[in-house]
Each structure stands twice: as C-alpha cells, then as structure tokens.
Amino acid sequence: MVEIAVAQFSAGTGKDDNLRVIRTLVGEAASRGARVVVAPEYAMYTAPRLDAGVAASAEPLDGPFVSGLLAVAAEVGVHLVAGVNESLPGDDRISNTLVAAAPDGTLAAVYRKLHLYDAFGYRESDVYRAGPITDPVTFTVDGLTFGMQTCYDLRFPEVTRRIVDAGADVLALPAQWVPGPLKEDHWATLVRARAIENTIYVAAADQSARTGSGCSMIVDPMGVVLAALGERVGTARAEAAADRIAQVRAVNPALTLRRFGVAER
C-alpha cells in the first residue's frame with residue numbers, strides 16, 4: 001500500500017516562488033503520510049502565453065529548478081513528480097518534461113510529453129518539441145509501479161495502455177488543463193476512463209485557476225474518485241493498494257480479454 005497525494009496550485013513565471021509553493025505542499029502532504037506527491041505540469045514556469053519567454057525559461061535537468069525538486073524530495077523523504085521546461089542542446093525548441101525525484105536525491109524517471117497541445121486554439125508545438133517514442137518509463141515505490149504521462153496525452157488512450165503494458169499500477173498525470181467550454185467535464189471523464197479501462201489508479205494533478213481547470217483527483221481502478229480538490233490550492237491524499245487492483249481485475253479482466261495491442265503509427 002502506498003499513500004499518494006496530488007498537489008494543486010497555479011504556477012507563475014517566478015521559478016523560485018513556484019518552488020517554494022511546491023516545497024510547502026509536498027511538506028503538507030508528507031506530514032499526512034504521503035509517500036508519492038504528484039505536482040502539475042509546467043510547475044516550474046507558467047506564462048500567460050506561449051512565447052519566447054517560455055523558451056527562455058528552460059533549463060537542463062541538472063539546472064537549479066530540478067536540483068531544487070531533488071532537494072525537496074530528499075528533505076521530505078518522498079517521490080515527487082513535477083513538470084519542467086527542459087532545454088534541449090542544439091535545439092531552438094524545448095521539452096515539456098516530467099521528472100520523478102526520488103527520496104535519495106536522484107532522478108528516478110524522466111518523461112517527455114508525446115502529444116503536444118495543438119488544439120482548442122493553442123499551438124504548443126511552436127515552442128515545444130514532442131518527446132521521442134520510447135519504452136514507457138516507470139519507477140517503483142513500496143512494491144507499486146508508477147508510470148507518467150502529461151496533460152494532453154490523456155486524450156490518447158494508447159499512451160496509458162502502453163504504460164500499463166510496461167507494468168504500471170499507478171499513473172502519475174501532471175497537467176495544466178486549460179479552462180474552456182466543457183473542459184472540466186472532459187478532464188474528469190477522461191481521467192476516470194483511463195483508470196477504468198486499464199484497471200489502475202490515476203493520480204491526476206492539475207493547475208488551479210486561473211492557469212488551469214483545477215479538479216485534481218485520485219481515482220481507483222474501478223473509477224471511484226478517492227480524493228479530489230475542486231478549485232482549491234492544496235493537496236489531497238489516497239491509498240493505492242495492490243490487492244485492490246487484483247480485486248478489480250478479478251471482476252473485470254479487461255486487460256486479459258482484450259484482442260488488440262498498441263502499435264506505433
């Protein structure tokens with residue numbers, strides 16, 4: 001069994017300010033028993049628009065912001081997943097990257113967003129480069145395996161299915177789910193769908209208003225919302241347990257009964 005928390009806040013353009021908020025929220029979650037904390041996408045830097053300032057905010061993974069996340073994870077003794085702007089050597093575009101910081105102060109896993117948000121009037125690809133298609137990255141905490149994906153990836157069910165095929169029991173899903181018509185409904189529906197169809201836990205951490213839609217939540221393998229934050233800044237916690245996954249898969253053996261795999265386009 002692993003205590004998981006989602007941390008919800010509205011990141012801005014001040015990296016140090018964002019890191020201070022993350023440190024506070026992670027400390028709050030850990031004081032209540034969390035062993036894994038999932039923070040939002042763009043937790044390092046969120047701007048009102050995608051422009052040159054966003055590109056200029058990027059850092060390498062050994063830069064000060066990721067080093068700060070590693071220090072928080074080590075200080076508090078948790079695994080911390082958060083979204084950063086990663087600079088890419090020799091490239092004029094940057095990567096929308098998730099890092100999983102381990103309690104020993106090292107990087108447990110790194111994921112680069114596969115599906116860029118070129119939808120609903122946005123063009124993430126103007127600034128960001130899509131991550132390469134590789135084997136899904138995972139990390140393990142107390143016997144449970146965690147996979148990672150980012151925001152718009154949620155609209156592509158094959159992303160989660162590949163992560164589950166790699167052995168994940170829990171999906172860490174940082175997001176900055178941009179507000180708009182029916183967007184909160186899409187978010188809640190898709191988060192629960194990914195949990196139900198894959199019989200896994202989903203820990204979905206969104207930014208709060210004004211930059212995000214809020215509604216961060218933790219959903220169990222049957223689609224039950226175990227914890228949620230609504231519009232609030234703060235953290236919410238729930239337990240993930242291997243025996244619950246096994247129980248649900250005994251009732252709904254969808255992964256065993258399926259007749260199709262996932263192939264690259």
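Scroll up to find the structure this text is about.
Reading the values: rules and limits
- Residues numbered from 1 in each chain as written.
- Predicted model: local features only at pLDDT ≥ 70, side-chain atom pairs only at ≥ 80, totals over all residues.
- Heavy atoms only, no water.
- Helix = DSSP H or I, 4+ residues; strand = E, 2+ residues; numbered from the N terminus.
- Rg over C-alpha atoms; globule rule 2.2 N^0.38 Å.
- Areas by Shrake-Rupley, 256 points an atom, 1.4 Å probe, with all protein chains shown as cover.
- Lys, Arg positive; Asp, Glu negative; His and termini not counted.
- Charge placed at Lys NZ, Arg CZ, Asp CG, Glu CD.
- Buried < 20%, exposed > 50% of the residue type's maximum accessible area, 1.4 Å probe, protein only.
- Pairing = 2+ DSSP bridges.
- Right-handed = clockwise from strand over helix to strand, strands pointing away.
- Expected span 1.5 Å × (residues − 1).
- Arc of directions from axis to C-beta.
- Contact = heavy atoms within 4.5 Å.
- Polar contact = N/O pair within 3.5 Å; in protein donor to acceptor, adjacent residues only side chain to side chain.
- Axes fitted to C-alpha atoms, helices over the stretch in contact; angles between N-to-C directions.
- Parallel < 35°, antiparallel > 145°, perpendicular 65-115°, else oblique.
- Left-handed = near helix turned anticlockwise from the far one by under 90°.

## Considering the overall build of the protein chain
Helices and strands together make up the secondary structure of the protein chain, namely seven helices and twelve strands. For 265 residues, the compact-globule formula gives about 18 Å, and the C-alpha radius of gyration of the protein chain, at 17 Å, lands near that figure. Structurally, the protein chain occupies a C-alpha span of about 50 × 45 × 35 Å along its principal axes. Here the protein chain has roughly 11,200 Å² of accessible surface; of this, 52% comes from carbon and sulfur atoms. Side-chain charges of the protein chain comprise 25 positive and 31 negative groups, with the mean position of each set lying 4 Å from the other.

## Comments concerning the environment of Thr 134
By the secondary structure assignment, Thr 134 is in the loop between β5 (107–112) and β6 (138–141). Taking the C-alpha atoms as reference points, Thr 134 and Arg 112, separated by 22 residues in sequence, lie 9.8 Å from one another.

## Comments concerning the pairing of strand β9 (residues 201–206)
In terms of burial, β9 is a largely internal element, six of the six residues being buried. Of the two faces of β9, the one carrying Tyr 201, Ala 203 and Ala 205 and the one carrying Val 202, Ala 204 and Asp 206 are both buried. Summarising the sheet, strand β8 (residues 170–175) and β9 pair through six bridges and their orientation is parallel. Following the sheet pairing, Leu 173 is matched in β9 by Ala 204. This β-α-β element, β8 to helix α5 (residues 183–198) to β9, shows right-handed connectivity. Pairing of β9 with strand β10 (residues 217–219), which is carried by three bridges, proceeds in the antiparallel orientation. Pairing of Val 202 across the sheet is with Val 219, part of β10.

## Brief notes about α5
Taking 1.5 Å as the rise per residue, α5 with 16 residues should run 22 Å; its terminal C-alpha atoms sit 22 Å apart, in good agreement. Among the residues making up α5, those that are buried are Lys 183, Trp 187, Leu 190, Val 191, Arg 194, Ala 195 and Asn 198. Looking straight down α5, one finds its buried side chains confined to an arc of 130°; they lie on one side. Buried residues along α5 sit against α4 (157–165), β8, β9, β10, α6 (242–251) and α7 (254–257). Downstream of α5 by one or two residues, Thr 199 has phi in the positive range, about 50°.

## Some points on the side chain of Asp 220
If you trace the backbone, Asp 220 turns up in the loop between β10 and β11 (225–228). A distance of 2.9 Å separates polar atoms of two side chains, one belonging to Asp 220 and the other to Arg 244. Dropping the residues within four chain positions of it, Asp 220 is found in contact with Ala 195, Ile 200, Tyr 201, Leu 226 and Arg 244.

## A short note on the packing of α4 against α5
Contact geometry for α4 and α5: axes closest at 10 Å, N-to-C directions at 40°. By the criterion of interaxial angle, the relationship of α4 to α5 is oblique. In this structure, α4 meets α5 at a crossing whose hand is right-handed. Here Pro 157, Thr 160, Arg 161 and Val 164 of α4 lie close against α5, whose contacting residues are Arg 194, Glu 197 and Asn 198.

## Quick look at α4
Among all positions in α4, only Val 159, Thr 160, Arg 161, Ile 163 and Val 164 are buried. For α4, the secondary structure elements touched by its buried residues are β5, β7 (144–148), β8, α5, α6 and α7. Positioned one or two residues after α4, Gly 167 has a phi angle of 105°, which is positive.

## A closer look at the environment of Thr 140
Considering the arrangement of structural elements, one finds Thr 140 in strand β6. The spacing of Thr 140 and Phe 260 is 120 residues in sequence and 27 Å in space, taken between C-alpha atoms. Sequence-distant contacts of Thr 140, that is, excluding residues within four places in its chain, are made with His 79 and Thr 145.

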